[in-house]
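Single-letter residue listing:
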Amino acid sequence: MIIKKAIIKTIVLCMFFSIPSIAQDDSEERDTTTYVPAKQKGFHAGLYVGAFWANKNTAYIYDGYGFDINGQRNTFSNSILYNQIVNVYGGANGGIDYIAQLLNVNHSDWSFNEQDMPFNLRYTTTYLVGLNTRYQINKKASITLNINGSKLIVNGKFTIRSNPSANGTNNGVSSQSKLNQFTIVGAEQRLMFQLGYQRIIGNHDKLNFMVEGGLNIILSKAQKNQAILNSDVNSGQNNITIDLMTLYNQAPYNYYSAKYLIGGGIGVFGGVGLHLTINPKYTIQLLYNPSFDRISLGYSPTFKLQHGVGLRIYYNLS
């Protein structure tokens, strides 16, 4: 009986002393499940990937005219493309007429006039990628610094007319007047530095709207300008590629080439989209980014609207 009472007292004492320990364990377990909110201040860094639609205002610098010694567009008779097609490849100075061979006509049976010069030049849709950072001032406001880059492609068309011979044949082949269409292309690099302000609109824990805007500085450089003449008759055997860009470094076309083919411009950018907080470390933004920029290429740069759509991913460094 005495032993039984001793055992009961021992069990009661053990239960008494174990209660604080159990309570502490329960408290610790609850603490581990407590939600840890993201810091409201700190640096975020990430990547931007999107599509870019450049305004066609500066595409004319790839039209084959070039610049005169006064910094204006060359006349047709002094243009780079006319000189190359008619004088160099057309044999006007007594050389081989590669244009006639390309078109499969006689030397005198083709013509290239001012109305044949490149037309409908425009930039094609291209990519825009970059490193984007922000300093979060509070839960809703941030200062942003973005560096985005892109390579733009320009496409246009020009024509050469092949005319029938007096006897109606060219090299024994029946011929009719034909407007042959060819391609002129350009390539350009742009680097954009954006300093701005970003604002989150809404109070949802995960998904909200966002807006942004600021200053845009654009460095631009023309890299490529080629006239491509592909033959329908000779299955590509006599195709001609005229590299116009190399000629900009030669007299008389080199007077203003550095000034008009490389430049730094300025503008403003905006943005509107969705802001999704994945967790305290990762944030995703889907946005539309218009900009109003002055691209410093060519002899008449003006402010024009451009457009971009992209996806931005931030990582919280704090």
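Before any of the text, the structure's been laid out above.
Residues numbered from 1 in each chain as written. Predicted model: local features only at pLDDT ≥ 70, side-chain atom pairs only at ≥ 80, totals over all residues. Heavy atoms only, no water.

Here we come to the environment of Asn78. Within the secondary structure, Asn78 is located in the loop between strand 1 (42-53) and helix 2 (80-88). For the pair formed by Asn78 and Asp68, sequence separation is ten residues and the distance between their alpha carbons is 8.3 Å. (Helix = DSSP H or I, 4+ residues; strand = E, 2+ residues; numbered from the N terminus.)

Under the criterion given, the structure shown has 14 aromatic pairs. Here Tyr89 and Tyr98 contribute two aromatic rings whose centre-to-centre distance is 6.4 Å and whose plane-to-plane angle is 65 degrees, an arrangement assigned as edge-to-face. Centre to centre, the rings of Tyr282 and Tyr315 are 5.1 Å apart; their planes meet at 55 degrees, and the pair counts as tilted. Placement of the pair is Tyr282 in strand 12 (residues 282-288) and Tyr315 in strand 14 (residues 303-316), with a sequence separation of 33 residues. Take Tyr315: its relative accessible area is 33%, and that puts it in the partly exposed class. Each member of the aromatic cluster is reached from another via a ring pair, and the members are Tyr60, Phe67, Tyr248, Tyr256, Tyr260 and Tyr299. Sitting over the ring of Tyr65, Arg73 keeps its end group 4.0 Å from the ring centre. (Phe/Tyr/Trp six-rings, centres within 6.5 Å; stacked < 30°, edge-to-face > 60°. Buried < 20%, exposed > 50% of the residue type's maximum accessible area, 1.4 Å probe, protein only. Lys NZ or Arg CZ within 6 Å of the ring centre and 35° of its normal.)

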